[in-house]
Structure formats: C-alpha cells, structure tokens
Amino acid sequence: MAIRVFLIVLLFLSFTNLTYSLYEDQVGLMDWHQKYIGKVKHAVFHTQKTGRKRVLVSTEENVVASLDLRHGEIFWRHVLGTNDVIDGLDIALGKYVITLSSDGSILRAWNLPDGQMVWESSLPGSKASKSILHIPKNLKADKDDLILVYGKGSLNAVSGVDGEVLWKKDFAGESIEVSHIIQSSDVIYVAGFADSSKISVYGLNAKNGELLENNHAALPFGTFGELLAVSGDMFVVLDEMRSKIVIVHLKNGEISYNQKHISDLTKDLAGQPVILPSRLPGMFALNTNSYVLLIKVTNQGELVLVDKVNNGAAVSDSLSISEDEHAFAFVHYGDNKIHLSVKNVNDWNHDLLKESIVIDHQRGKIDKIFVNNYVRTDRSHGFRALMVMEDHSLLLVQQGEIVWSREDGLASVVDVTTSELPVQKEGVSVAKVEQNLFEWLKGHMLKLKGTLMIASPDDLAAIQALRLRSSEKSKMTRDHNGFRKLLIVLTRAGKVFALHTGDGRVVWSILLPSLRKSEACENPVGLHIYQWQVPHHHALDENPSVLVVGQCGPSLSTPAVLSFIDAYTGMELKSLSPAHTAAQVIPLPYTDSTEQRLHLIIDDKQHAYLYPRTPEAIDILKHEFSNVYWYSVDADNGVIRGHALKSNCIQEAVDEYCFDFRDLWSVVFPSESEKIIATMTRKSNEVVHTQAKVMTDYDVMYKYISKNLLFVANAAPKAAGEIGTVIPEEAWLVIYILDTVTGRILHRMTHHGCQGPVHAVFSENWVVYHYFNLRAHRYEMSVVEIYDQSRADNKDVWRFVLGKHNLTSPVSSYSRPEVIAKSQSYFFTHSVKAIEVTSTAKGITSKQLLIGTIGDQVLALDKRFLDPRRTVNPSQAEKEDGIIPLTDSLPIISQSYITHALKVEGLRGIVTVPAKLESTSLVFAYGVDLFFTQIAPSRTYDSLTEDFSYALLLLTIVALVAAIFVTWVLSERKDLQDKWR
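Computed from a prediction, not measured in an experiment: that's the story for all the values here.

Student: Looking at this structure, how should I read the overall build of the protein?
Tutor: Tallying secondary structure elements over the protein gives 7 helices and 64 strands in all. Considering the protein as a whole, with its 981 residues, one finds that 51% of them fall into the buried category. For the protein, the share of sequence-separated contacts (at least 6 apart) that also reach a separation of at least 24 residues comes to 51%. Total accessible area computed for the protein in this model is approximately 47,500 Å², and 52% of it derives from carbon and sulfur atoms.

Spelled out as structure tokens, the structure:
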C-alpha cells in the first residue's frame, strides 16, 4: 500500500508543470512582434550637438515617429486614427514636434524627447481645401513664436507654446485655393488661384492678421497644378496644355508673368511634364516621362536648364549649410546602384558629394529623399540622405554605405496566405559543431546559475538568447508538429514577403515587376494572394507556388495582372497581363495532376476565365461543369445574385478557356429600408469533426453544415453611417443567412435600435457578429446556430459508435431541408476591428473567437460564452455539459489577451492556420505592426510542454522499476517461507 501511495505522489509531481501560464523567460519562444511605421511622407532631422540624433517622420499609415539616426530604431511613435491623415510635420521652438492632420483641422505638439503630447488645437473651418503647415523663422507675435496653418479655407496663427489661436483670417468667401504661405519681414503673403486662370496674392500683418494687400491678376490661359514658390516674389506653374512654364512675379504689389516653351529648354520631351514639389531657392525640378529637368530661375525671370537626370530621380528640398549657401540632393537608380549627388544651388559646376551605393534591386526606384548635413572632423561638410524606396522601405545612406534599412512596406499588408516548408531529406545534412567547448561549458554554467537562482539580469538575458539560438523553431524544414511554416504576405506596394513563423524573419522578398508602374499599367494595385500549387505525396519534388492577382488601377474596369511565384525561392515563375478584368476570383475545389488549383476569374462583362489555361484543366472543369456555383454582392444596389456556368464565350477571337455564365437567382433588398453593410462566408478549407451535437437531455441535433452559406447584415439607410448619427427609432439591423446555390433564405432576424459597423465570423453551423445597440448605448455580440431538423429522428446509437454519421455523403442544396436556428445576444465592452476563429487540423479542439479590439490587442474568447443554450440557472446536466450560467455581458479576462501587453498598432486583420498538432492553432495579426503566436484553446492535451520535467519522469520510472523489483523479492521470500511451513 505504501508503494502505491509513493507511486501516485511521484506521478502527480511529474505532471504539475503542465500549466497554461506564460513565464517571463518564455516571451519570444512561441510568439514574435515586429514594429513598423509605414511609407514615410515627411521627415525632419534633429541633429543638435546635445541629445540623441534623430529623425522625425510621418507616414501614410498616419504614424508620427522619432527614429534613432544611428540604428533606425523607434524612439517613440504614435498611430493616429484611420481618418486622421497627417498633412504636415515640423519642429517648433527646438523642442516640440508639430503635426497637422485631418485636412488642416487638428494641430498637435509632441514633446521631442519622449513623444508626450503637449497641446492640441482644433481649427474648424467651413470649406474643404489644401492643408499647409508653415513655421516662420525669427517671426514673433506679441505673445510668442507663431505657427501658421492653412486649412478648411482659413489661415490660423497659433501660439507655439500652448496652442492658442492668436488670430484667424477666413478665405472661404474669397474663392481662392491657397498654394503657398510666404514670410517677408512682418508680412505674411498668401498666394493661390481663385480659378485655374486667376492668381490672387494677399498680404497680412503677422501681428494681428490684418489685411494689408490684395492683388489679383488674370491670365489669358488656364493652368495645370499648383503654384510653386522659387523665391519670395517669384512662382512657377504649368499652363493647361503642359507645354509652357509660366513665371509669375510679385513686385511692389503688382503681379506680372512671362512664359517659356518647355521645348526651348529640351528637344527630347516625351509624355506629360509635372513640376515636382521640391522647395529649392531659385530653382525647380520638372519631371517628364524620360528625364527630370533641373531648371534655374534668374532674377530677371529667365529659365536656364542646368542639368538633366534620367527618369526615376528624386529631388530633395534645399538645405541651408551656411548663411548664404544652400545645398540639395538628387538621386536616381540604375545598374543596381543608387547614384547620389549633392550640389550647391549657387555653384552647379562642383559636387559637394557624389557617390554610388550598391542596393538590392528588389527595393525598386527611389520615391523620396530627405537630406541632412553634418560637420566632419576636417571642418568640411558631410551629408546623410534618408531615402524612401518604391517598396516603401526606408534607407539611411552616409559615406557611401547603407547605415541601416527598415522594411516598412510590411506596415501595409493587404492579404496573407501560407505555405509549408520543404521536407527535411535524410542523409543530406552533415553534423556540424555549432559551439566550441568553451561556449558549451559557458552555456551549462549559465543554466546551472539559473537553476540555483543566483543568475544576474545579464545572465538571464544570456540564458534567454541561448535558448532562442538553440531552438529548432527557425529551421527551414518542416517539423512534425506543423509549427514551422511560411507566411506569404502581399503589401500595398506590390511586394511579396515570405516570413518564417519561427522568428518572423524575412526569408525572401520580391517586388513584382507586373505590379510596378509602367506605361501599360500606370497605377497597379495588388488585390489578393492565393495558394496556386500545393504539392502532396507523389509531387513533393515540386515547389509550392502562389498566385498574386492585381489590376492596373483602383477601378474594377481596369485590366487584371497575374503573377505566379515560387513559395520556396521567391522567384516569379511567370506573369500574365490578360485583356480582361478581375472583378472576382473564385478558387475552385479541384486540382490537376500537378496539384495546381483551378481558379475562375470573373470580369466585369459577364465572362469567366479558367486558370491554369491547360487542356487538363478544361477536362476537369467540363466534368464538374454542373457543380460550379458562385455568388456576387452588389452593395450599392442592394442585390445578391447566384451564378453558374453556361457555355463558352461567343467572341470574335475563339477562347476555349472563356465561359459565359447565367444568373440562377437574385435577392433584392428594399433600398428604402435596408442597405448591405457586411457579408461573411465560411472558410473553404475548414474541417468539421462531427455533424452531431449531443444536448444536455441526451438528445441529438445535427449541425447544418454547408460551404454554400452566406451571412448578410443590412442596416437602415439612415443608420449606415457612423455611430450616433441617427436616433434609435430610425435604426435597425437585419441579418440573413442565405444558401448561395439556391438563393433560399434560411434565417432572418431584426435587431431594432441597432446599427453597424458589423464584424462577423462564420464557422461550422454558427455565425457570431458584433454591432452597436443605440438603445443600450453599448456594443453587442450575437450568435446564431443552425441545425438540420430533417435528420432529427436519425439517432441510431450504433451509427454513432461506428462513426457512420460522419461519413461523406452527397448533400444537395436543392433538397430544401427543414432547419431551425438558436440565437442569443450579449453585451460586449469593446469596439471591434476584426473577428476570427481558431482552426485546427481535424476540427476536434474547442473553438475560440479571436477578437481584435479597438485597443489594437487580440482577445481570445471561448465559444462556450456564446452558446445560445446558456440559461440563468443551468441544470445539473447542463453544468456537466459545460454550459455557463447566463449573464448579460461577455467577460473580458485580462489573461485571455493572446498579445499579452503588446499592441498590434493599426490592427486590420487576423489570420488563423491549423498546425499538424490538433490542439494548436497558429495566429497571425497584422496592421502597422505584425504579431504571431501559437494558441491551444483546449490546452496542449496531445503533447508535453517545453518545461515538462523529464528528469522527474525518469526518476518516476526508476522508482517504479525499483518498487517492482523490491515487491518481487519480497513476494519470492514470502512464498519460500510459506513453503517451509
């Protein structure tokens, strides 16, 4: 008996480490977090002798940040709202970072060292207009330094100390579109066009905003673009035909102009020229399709061509290097090199700097350049250049080298897919010694100190780094648990990255040539990325590949662009530029003999095109011709239609891969009472373990499982806007669940006094959606579960035991089964940005909802909290079945945030991928930041944790063997004694 107790205690102790907590030293072992800022729009250097050298930037992702000039790391950053677009950035008083945003209506000051907000001013206006931020030099009003802001049709003078508006001049009634604010002594000049041919210049008193001058001049022709100031009294602009340069003079209150043909400056002019917005004293840059022309404006208003640079060049603003000297940089890309030149504006014959830097050609051309100077030890001027590349990456170049680079294109991910890593081949790898004897001993000494709890903080950091280095999570081969994969992401710049799930590093990247700006495709846009070829079993020698679908512009009527990429190497296998558009892409559930998946691309002319364009693909499609269905949503007109293939296209040119299709059904929602605001369907690759659900009274209900279900959320037309724009009596939310093959409405429900935005997730037979309740002034989440009532009498116990209820059998949407729906609603504390559900290999593990909150964190919520069977007082049987007592609100448990204390700033989407280990789901969240982790909704019931005590298990086995041996000896001795009796 004592031996049994001893064994039980040992077994209990051996499993006490199987906890669900995350210790400090486990951070980074199963998850990673990467911070980005996005494509830089504005940059200001701060390189004072005291303090850290930094560069202040604002980006297209509405981020204002301070970057370390030595390493490119983020000192601090703030991500503003989606609609709070940053229009200007500068430094005031040497200690405040000033940002202008929201079309010139919000001015903020941030503390330069730590990024804390100092003040914020609201600058209302009555007219939409261009936003301009101007901080005059050496100009003080009665109170302090001025900040001049033009926006919403008004010019505001704001105090740089506390953000108080000192005076305001309204130009809304003047019908002028201000282009420039110019400082001249104590007078502020505001210049712009009243229309395309009338120039207006106003002079204002800098102290009080009093109007001093009001000058107008009418041109006998129209103009193109905005005025560009080249000096305090001289502007340039293009005429409406873009064949002449117009020079506008402002002298003694009089406005005059002269013009010159561009062809007089250069003979090889091609394309439509555009004046670049670079601010250069006495100069400007003119961009054509072939060249960038650098043109000097003399004091007499004459134009002189000083240089001609190959197309693709970027020109910086001017930089003051001494009292009377200004320098600027221009850079262009060629032969896999960046060619950088810095010149003195007044001395064009000599280069202050000229160098070439080798660069990865996958970064593309230079989009913008910002230049800064410093004094070398020999008292000469040195220069550093901050470059924004075509792929949205950021580089700092100094002394002919790239000091640091940032892959900020990853802040604008638009779509994600995954790929398996290659299988590790036996006999290929050779044993390698990664550490010498000294490092081996040092590692074991550190581990011993950690075990004895005498390790210093530096030792703990070294132990953590050692664990990360020795981890197998970053290998480039598959693991038996399926944790190691490639995340293949498409960015807004048209660049594709492959990220390793182990540590988040970039395995390869490619800037797709087909998604780069060209004459044939002026504004390419990447839309989606799909798995194209996924080799299995006999085809493992083939590399998997992905399909990238884009189009030559934001409109669906522009031609499509297709690119096929090797998922292992990042090589573009081929690209296609078909004549048709890509309004919709339908991945079909069929593959050919090479494991290429069939896709239908639907254009805007009622045609469907089959890819891959092979005879085998045609044969497969013809065999499954009658089983191909899809739907389309016309949200503007409130119509959902179902489609099916009809026949080959009837066109002048015969194309056997083109098909006409017909409309099977349509659902037209009443436009006066409903507007489509959200739709959601199931994942095509979702695995459902069982269709039967045993209720608490031992009754059985069958889930209505169909991949053809569509969730639709409609709102009242008045309630389709932002929250609070309508009263509860005028707001309602109507949700539908449709069958996309027949158009049958399976379920309809109305939420009165509610409005969007609606975020939903559809899995198995249930849908969960989030919305706002105007009556309760709170957010709500509702769940709807659908069951097949026609199979309610099929409760043969032997069929359950033998698994017959799960065998695949033909299921037709035309059978019109009788369905019932169970639903329930709950209050939820947070606003939501995205909702996703965990997915596992076999669908056995319990589901968790992954909710991207307004705080840019991801919350894991057990699906049991959204069970429509919940009651206030559950019975004993319901408690045993795991039914949670009903409450009006869903719980927010701080330990349930899978992002821990981290934030995924600007969160836009969540992607879940099943691992081979059934208990585990891989989660990837993206926005301005990237975050990846592994979660186990039902704990790791099918594996041992990393901190499992194998030593204690070995001790248990040894003790068990010893106990068996001792009991055997005692038993033999007892038997011998019995025989002697």
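From this point, the narrative continues.
Student: I tried to follow the pairing of strand S60 (residues 848-853) on my own but got confused; where do I start?
Tutor: A regular strand places its side chains so that they alternate between the two faces of the sheet. Counted residue by residue, S60 has 6 buried out of 6 residues, so it is predominantly covered. Residues Gln848, Leu850 and Gly852 of S60 are buried on one face, and the alternating residues Leu849, Ile851 and Thr853, pointing to the opposite face, are buried as well. Two strands pair when backbone bridges link them, and strand S59 (residues 832-837) and S60 are joined in this way by 5 bridges, in the antiparallel orientation. Bridged to Ile835 within S60 is Ile851.

Student: Would you mind showing me how to read the nonpolar core here?
Tutor: Membership of the largest hydrophobic core comes to 37 residues, with the highest contact counts inside it found for Val57, Leu386, Phe924 and Leu930. Leave out the neighbours within four places in its chain, and Leu386 touches Ala43, Phe45, Val55, Val57, Lys368, Ile369, Phe370, Leu394, Leu395, Leu396 and Trp404. Counting residues in hydrophobic clusters, the runner-up holds 22 residues, among them Ala314, Phe383, Met387 and Val397.

Student: Would you mind going over helix H7 (residues 950-980) with me for this structure?
Tutor: Each α-helix winds once per 3.6 residues, and so residues spaced three or four apart point in a common direction. Taking 1.5 Å as the rise per residue, H7 with 31 residues should run 45 Å; its terminal C-alpha atoms sit 45 Å apart, in good agreement. When H7 is considered as a whole, its buried residues turn out to be Thr956, Ala959 and Ala963.

Student: Can you walk me through the state of the cysteines in this structure?
Tutor: For the structure shown, the criterion picks out 1 disulfide. There is a disulfide in this structure between Cys649 and Cys658, and the S-S distance comes to 1.8 Å. Handedness of the Cys649-Cys658 disulfide follows from its S-S torsion of about -75°: it is left-handed. There is no split in this pair, since Cys649 and Cys658 are both buried.

Student: Before we go on, may I ask you to explain the sheet that holds strand S22 (residues 274-275) in this structure?
Tutor: Working definition: the strands of a sheet are paired by backbone hydrogen bonds and lie parallel or antiparallel to each other. Pairing in this open sheet of 4 strands is antiparallel, and the strands run S22-S23-S24-S25 from one edge to the other. Looking at the sheet topology across the chains shown, the edges are occupied by S22 and strand S25 (303-310). One ladder, built from 7 bridges, connects strand S24 (residues 291-297) with S25; its direction is antiparallel. When the bridges of S25 are listed, Leu294 appears paired with Asp307.

Student: Can you walk me through the sheet that holds strand S37 (residues 495-500) in this structure?
Tutor: Strand order in the open sheet formed by 4 strands is S35-S36-S37-S38, with antiparallel pairing between adjacent strands. The open sheet has two free edges, formed respectively by strand S35 (413-420) and strand S38 (506-511), since each of these has just one partner strand. The sheet shows a mean angle of 20° between the axes of neighbouring strands, taken without regard to direction. Judged from the 7 bridges that link them, S35 and strand S36 (residues 485-491) form a sheet pairing that is antiparallel. What sits directly across from Asp415, in S36, is Leu490.

Student: Help me understand the environment of Glu522 in this model?
Tutor: Mapping Glu522 onto the fold places it in the loop between S38 and strand S39 (525-533). For Glu522, a relative accessible area of 52% puts it in the exposed group. C-alpha of Glu522 to C-alpha of Cys552: the two residues are 30 residues apart in sequence and 6.5 Å apart in space.

Student: Is there a simple way to explain the packing of aromatic side chains in this structure?
Tutor: By convention here, two paired aromatic rings are described through the distance between centres and the angle between planes. Tallied over the entire structure, the rule returns 15 aromatic pairs. Measuring from ring centre to ring centre gives 6.3 Å for Trp32 and Phe924, while their planes differ by 50°; the resulting arrangement is tilted. Of this pair, Trp32 sits in strand S1 (residues 32-34) while Phe924 sits in strand S63 (residues 921-926); the two residues are 892 residues apart in sequence, bridging distant segments of the chain. Taken together through their ring pairs, the aromatic side chains of Trp32, Phe924, Tyr926 and Phe932 make up a single cluster. The residue whose ring lies beneath Lys863 is Trp766, and the NZ or CZ to ring-centre distance is 4.9 Å.

Student: Would you take a moment to explain the UniProt feature "transmembrane region" (unreviewed entry) in the protein for this structure?
Tutor: The UniProt record marks residues 948-971 with the feature "transmembrane region" (unreviewed entry), using the residue numbering of this structure. With 92% helix and 0% strand, residues 948-971 has end C-alpha atoms that lie 35 Å from one another.

Student: Would you mind showing me how to read a nonpolar patch on the surface here?
Tutor: On the surface, Met445, Leu448, Leu452 and Ile454 cluster together into a nonpolar patch covering about 410 Å² of accessible area. On the secondary structure map, Ile454 appears in the loop between helix H2 (437-451) and helix H3 (457-470). Using a relative accessible area of 56% as the deciding quantity, one classes Ile454 as exposed.

Student: Can you help me understand unusual backbone geometry in this one?
Tutor: Among all residues except glycine, the phi angle is most often negative; among peptide bonds, the trans geometry is most common. In this structure, Pro612 follows Tyr611 across a cis peptide bond, with omega equal to 0°. When you line up the elements, Pro612 lands in the loop between strand S45 (607-611) and helix H4 (615-623). For the bond running from Gly756 to Pro757, omega is 5°, close enough to zero to count as cis. Looking at the element boundaries, Pro757 is found in strand S55 (residues 754-763). For Leu93, which is not glycine, the phi dihedral falls at a positive 60°.

Student: Please clarify how the pairing of S38 should be interpreted in this entry.
Tutor: Alignment of S37 against S38, held across 5 bridges, turns out to be antiparallel. Residue pairing across strands places Leu499 opposite Val506, the latter belonging to S38. Taken together, S37 and the strand that follows it, S38, pair antiparallel across an intervening segment of 5 residues, in which Gly504 is found at a positive phi of about 80°.

Student: Quick question: what am I supposed to make of H4 here?
Tutor: All of the buried residues in H4 are Ala617, Ile618, Ile620 and Leu621. Buried residues of H4, viewed axially, fall in a sector of 165°; they line one side. In this structure, H4 carries Pro615, Asp619, Lys622 and His623 as exposed residues pointing more than 90 degrees from its buried face. In this structure, the buried residues of H4 make contact with strand S43 (584-591), strand S44 (597-602), S45, strand S47 (639-648) and strand S48 (658-668).

Student: Any chance you could explain the side chain of Asn714 here in plain terms?
Tutor: Tracing the backbone shows Asn714 in strand S52 (residues 709-715). When its relative accessible area of 0% is taken as the criterion, Asn714 is described as buried. Ignoring anything within four residues of it in the chain, the contact list for Asn714 reads Phe669, Glu674, Lys675, Ile676, Trp732, Leu733, Val734 and Tyr736.

Student: Looking at this model, I keep getting lost on the pattern of salt bridges. Mind explaining?
Tutor: Any two side chains of opposite charge can pair if their charged atoms end up close together. Going through the model one piece at a time under the given rule, you end up with 28 salt bridges. Between Arg682 and Glu686 there is a salt bridge whose closest N-O contact spans 2.8 Å. This pair shows no difference in class: Arg682 is buried, exactly as Glu686 is. The salt bridge involving Glu836 is made with Lys683; its shortest N-O contact spans 3.9 Å.

Student: What is the right way to read a negative patch on the surface from this model?
Tutor: On the surface, Glu323, Asp324, Glu325 and Asp347 cluster together into a negatively charged patch. By the element assignment, Glu323 lies in the loop between strand S27 (319-320) and strand S28 (326-334). Its relative accessible area of 74% is what places Glu323 among the exposed residues.

Student: Mind showing me how you'd approach the environment of Gly526 here?
Tutor: With respect to the secondary-structure elements, Gly526 resides in strand S39. The exposure class of Gly526 is buried, given its relative accessible area of 12%. For the pair Gly526 and Lys495, spaced 31 residues apart in sequence, the C-alpha to C-alpha distance is 8.6 Å. Look past the residues within four positions of Gly526 in its chain and what remains in contact with it is Val414, Leu490, Leu515, Val549 and Gly550.

Student: Looking at this model, I keep getting lost on the environment of Ser823. Mind explaining?
Tutor: Mapped onto the elements of the fold, Ser823 is located in strand S58 (residues 819-828). Ser823 sits in the partly exposed class, given a relative accessible area of 32%. With sequence-adjacent residues up to four places away left out, Ser823 is seen in contact with Met749, Val783, Val784 and Pro868.

Student: Just to check I follow, could you spell out the confidence of the model for the protein for this structure?
Tutor: One rule of thumb: low pLDDT means the predicted coordinates there are not for detailed reading. For the protein, per-residue confidence averages 84 on the pLDDT scale, and residues scoring 70 or more make up 90% of the total. Confidence drops under pLDDT 50 across residues 1-21; counting only partners more than four residues distant or on other chains, this segment forms 20 contacts. Taken together, the stretch residues 427-435 has pLDDT below 50 and engages in 5 contacts with residues farther than four places along the chain or on a different chain.

The rules behind each value
- Residues numbered from 1 in each chain as written.
- Predicted model: local features only at pLDDT ≥ 70, side-chain atom pairs only at ≥ 80, totals over all residues.
- Heavy atoms only, no water.
- Helix = DSSP H or I, 4+ residues; strand = E, 2+ residues; numbered from the N terminus.
- Buried < 20%, exposed > 50% of the residue type's maximum accessible area, 1.4 Å probe, protein only.
- Contact = heavy atoms within 4.5 Å.
- Areas by Shrake-Rupley, 256 points an atom, 1.4 Å probe, with all protein chains shown as cover.
- Pairing = 2+ DSSP bridges.
- Core = buried A, V, L, I, M, F, W, Y, C linked by side-chain atoms within 4.5 Å.
- Expected span 1.5 Å × (residues − 1).
- Disulfide = S-S within 2.5 Å.
- Axes fitted to C-alpha atoms, helices over the stretch in contact; angles between N-to-C directions.
- Phe/Tyr/Trp six-rings, centres within 6.5 Å; stacked < 30°, edge-to-face > 60°.
- Lys NZ or Arg CZ within 6 Å of the ring centre and 35° of its normal.
- UniProt positions renumbered as here; feature names shortened; annotations may be inferred.
- Patch = residues over 30% accessible without salt bridge, like charges linked within 9 Å, V, L, I, M, F, W, Y side chains within 5 Å.
- Salt bridge = Lys/Arg side-chain N within 4 Å of Asp/Glu carboxyl O.
- Arc of directions from axis to C-beta.
- Lys, Arg positive; Asp, Glu negative; His and termini not counted.
- Charge placed at Lys NZ, Arg CZ, Asp CG, Glu CD.
- pLDDT = per-residue confidence, 0-100.

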